[in-house]
Amino acid sequence: MPNKNEEETDLLEIRLKKETKLYWIKAITGAISALVGRLFIGLIGWPMFIWMLSFWFGFPFIIGFLISPYDKEEWNWKIILKTGIGIFFFTFMVVGTLTHTILKFL
């Protein structure tokens, strides 16, 4: 029979893997949403900000529910939102700024 510490360690490893997947998915989502929003749709200013917020707060819930079954004790909305906030914003801003700069020089 597994020890209580071993069970907790296994649960922590599973949670860490889920958070890591969500982190990298958010990084890719930030870059792709900035590229699509600026390059293909042509958003600038406030519409681009609203576009970013919709992907920032909406898309993680879809991915979070696809990664794992929703369990309120282990995988709640706070974890889904807080994981990867910085990398999403960073990749969105870098890709959005580079795309806008390239489009203005062409």
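For clarity, every value in this text was computed on a predicted model and none was experimentally measured.

> What should I look at first to understand the nonpolar core in this one?
Nonpolar side chains in soluble globular proteins tend to be buried together. In terms of nonpolar packing, the biggest core is built from 7 residues, these being A34, L43, M48, M52, W56, F88 and F92. Looking at this core, the elements that each hand over two or more residues are α2 (46-57) and α5 (85-105). Sorting elements by how many residues they give to this core places α2 first, with 3 residues. Non-local contacts of A34, meaning those with residues more than four positions away in its chain, are made with L39, M48, F92, V95 and G96.

> Explain the side chain of S33 to me, please; I cannot follow it from the model alone.
Its location among the elements puts S33 in helix α1 (residues 4-40). At a separation of 2.8 Å, a polar atom in the side chain of S33 contacts the main-chain carbonyl oxygen of T29. Discounting residues that sit within four places of it in the chain, S33 has contacts with W51, F55, F88 and F92.

> Got a minute to help me understand a nonpolar patch on the surface in this structure?
A cluster of nonpolar side chains, namely L35, L39, F40, I41, F90, V94, L98, I102, L103 and L106, defines an oily patch on the protein surface of about 1,000 Å² accessible area. Residue assignment for the nonpolar patch shows that the elements contributing at least two residues are α1 and α5. By the element assignment, L39 lies in helix α1. Residue L39 is classed as partly exposed on the basis of its relative accessible area, which comes to 39%.

> What should I look at first to understand the environment of I79 in this one?
Tracing the backbone shows I79 in helix α4 (residues 77-82). Measuring from C-alpha to C-alpha, the distance between I79 and E19 comes to 8.0 Å, with 60 residues separating the pair along the chain.

The rules behind each value
Residues numbered from 1 in each chain as written. Predicted model: local features only at pLDDT ≥ 70, side-chain atom pairs only at ≥ 80, totals over all residues. Heavy atoms only, no water. Core = buried A, V, L, I, M, F, W, Y, C linked by side-chain atoms within 4.5 Å. Buried < 20%, exposed > 50% of the residue type's maximum accessible area, 1.4 Å probe, protein only. Helix = DSSP H or I, 4+ residues; strand = E, 2+ residues; numbered from the N terminus. Contact = heavy atoms within 4.5 Å. Polar contact = N/O pair within 3.5 Å; in protein donor to acceptor, adjacent residues only side chain to side chain. Patch = residues over 30% accessible without salt bridge, like charges linked within 9 Å, V, L, I, M, F, W, Y side chains within 5 Å. Areas by Shrake-Rupley, 256 points an atom, 1.4 Å probe, with all protein chains shown as cover. Salt bridge = Lys/Arg side-chain N within 4 Å of Asp/Glu carboxyl O.

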